[in-house]
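What the coordinates show
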Amino acid sequence: MLLSVDSRTYILSKLKKYKNSYPFLDKLIKKKINFLGANSGPQNFLSDLVFVIDKNKCAEITFNFFSSDIHLINSGYYSPIWKYMKPKNKEKVVLRLDGIGIDDPNKDSKVIKNDIKRLISKSRFLIYQSEFCRNCFQQSYDSLPNGIVIYNGARDLSAIDVYTKKLINDINYRFKGNFFTLAGRFTGRKRIKEVIEQFNKSEIGNLVVLSNVPENLKYRNNRIIYLGMIEPNSARHIIASSKALIHFDRYDWCPNLVVSAIRDKTPVICSNFGGTPEITGSNGLIMDEFPKNLPNNMEGINFVNESKFPSKIFKDNIFNVYKYGLNINFNKSFLIESSAKEYIDTLKNLV
């Protein structure tokens, strides 16, 4: 099977292949990949997926969608040509839907919906990141083609570099190896500001923040370390060294941070709405913040967006974890090889 993907995804996957074969090129390649969207979650996952498919010879990969048997397009990161044209027969197009397309706060909701409708109209089959994602799209869009849920996966944790090793040693020296991690872009939905405030107000543990927190919102507290948006592999090593990853977004679709954490056997602490608790399952602590019957659609999303932060529930649970720990028997692996097999089996059936 000849599978085509976006040209930037294709190039990024090839660069990852070279980096994997020649580790000494790591620093050089890092400087060259930002323009390819390497810091985008959807793009990073998709390029990892293509890398694994190519490495295991599951399919032949190309960027030439004119000649391919099937084209895989991602709604969160794709060439503008798909917005204005229909460059391939829809019977040979599969659309991977992430949350982008329903709730982007930086775009008009009608514009978002029309853009996604156009992509859907050019596709034969849909791949969702989670059941939550599928339910939201099915409630928001009419006459959707057939689809399937395939969870994201994560590659093995790569070797630790000298810089990251020193960072972790410094953190462990200060916190005696007992700390939580909080990561992600500093946006209202992710509630990073609110989580930091709880750690600042109460002695519920030590916190390492991997986010672009504005300087004026950083508390001077010896129990909090701010590292900013550091390189993803370094961030992953730090999260893997922590007591637990706090991913207390109001909701998320299939966060790669959570997938990677569970892959590295790090417990996840999250709220009970969206794709995050679905991914986390028994591999962490899910706080019952919202009503359990909250619908997986825009009504539910609007409800959680207007809700106040549950300070007492959060502090009580975090303090208990800090004091007693979490005894987790990890029952999910989230191997990207498993995701790749599901993608390939699905695509071959369509061909």
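Here's what I pulled together on the structure shown here. Being a predicted model, the structure only gives us computed values, none of them experimental.

1. A look at empty space enclosed by the protein
- Within the structure shown, the criterion is met by one cavity of 30 Å³ or more.
- Volume-wise, the largest cavity comes out at about 40 Å³.
- Lining the largest cavity, in full, are Ser-13, Lys-14, Lys-17, Val-50, Phe-51, Asp-54 and Ile-61.
- Broken down by secondary-structure element, the contributors of at least two residues to the lining of the largest cavity are helix 1 (7–21) and helix 3 (41–55).

2. Here we look at the state of the cysteines
- Taken as a whole, this structure holds zero disulfides when the rule is applied.
- Free of any disulfide, Cys-58 has its nearest cysteine sulfur in Cys-254, 20 Å distant.
- For Cys-58, a relative accessible area of 27% gives the class partly exposed.
- In this structure Cys-136 is not part of a disulfide, and its nearest cysteine sulfur, from Cys-133, lies 7.1 Å away.
- Looking at Cys-136, the relative accessible area reads 0%, which means it is buried.

3. Overview of the environment of Ile-112
- When you line up the elements, Ile-112 lands in helix 5 (residues 109–121).
- The sequence separation of Ile-112 and Tyr-151 amounts to 39 residues, and the corresponding C-alpha distance is 24 Å.

4. Details of helix 13 (residues 311–324)
- The end-to-end C-alpha separation of helix 13 is 20 Å, in line with the 20 Å expected for 14 residues at 1.5 Å each.
- When we look at burial in helix 13, the residues that qualify are Phe-314, Ile-318 and Val-321. The buried residues of helix 13 all sit within an arc of 60° when viewed along its axis, so they share a single face. For helix 13, the exposed residues lying more than 90 degrees away from the buried face are Lys-312, Lys-323 and Tyr-324.
- The inward-facing, buried residues of helix 13 contact strand 7 (180–183), helix 8 (192–201), strand 10 (244–247), strand 11 (268–271) and strand 12 (284–287).

5. Observations concerning the nonpolar core
- Counting residues in each nonpolar core, the largest one holds 26 residues, and the members touching the most others are Phe-137, Trp-253, Phe-273 and Ile-301.
- At the level of secondary structure, the elements contributing two or more residues to this core comprise strand 4 (93–97), helix 5, strand 5 (125–128), helix 6 (131–140) and helix 12 (298–305).
- The leading source of residues in this core is helix 6, at four residues.

6. Examining the side chain of Thr-276
- Structurally, Thr-276 can be placed in helix 11 (residues 275–280).
- Overall, the relative accessible area of 3% leaves Thr-276 in the buried class.
- When near neighbours in sequence (up to four residues on either side) are disregarded, Thr-276 contacts His-247, Asp-252, Pro-255, Val-258 and Cys-270.

The rules behind each value
- Residues numbered from 1 in each chain as written.
- Predicted model: local features only at pLDDT ≥ 70, side-chain atom pairs only at ≥ 80, totals over all residues.
- Heavy atoms only, no water.
- 1 Å grid on protein atoms, 1.4 Å probe; cavity = no way out; pocket = protein on both sides within 12 Å on 5 of 7 lines; lining within 4 Å.
- Points joined across faces, edges and corners; volume = space filled by probe spheres on them.
- Helix = DSSP H or I, 4+ residues; strand = E, 2+ residues; numbered from the N terminus.
- Disulfide = S-S within 2.5 Å.
- Buried < 20%, exposed > 50% of the residue type's maximum accessible area, 1.4 Å probe, protein only.
- Expected span 1.5 Å × (residues − 1).
- Arc of directions from axis to C-beta.
- Contact = heavy atoms within 4.5 Å.
- Core = buried A, V, L, I, M, F, W, Y, C linked by side-chain atoms within 4.5 Å.

Interpretation note: all reported values are geometric properties and have no functional meaning in isolation.
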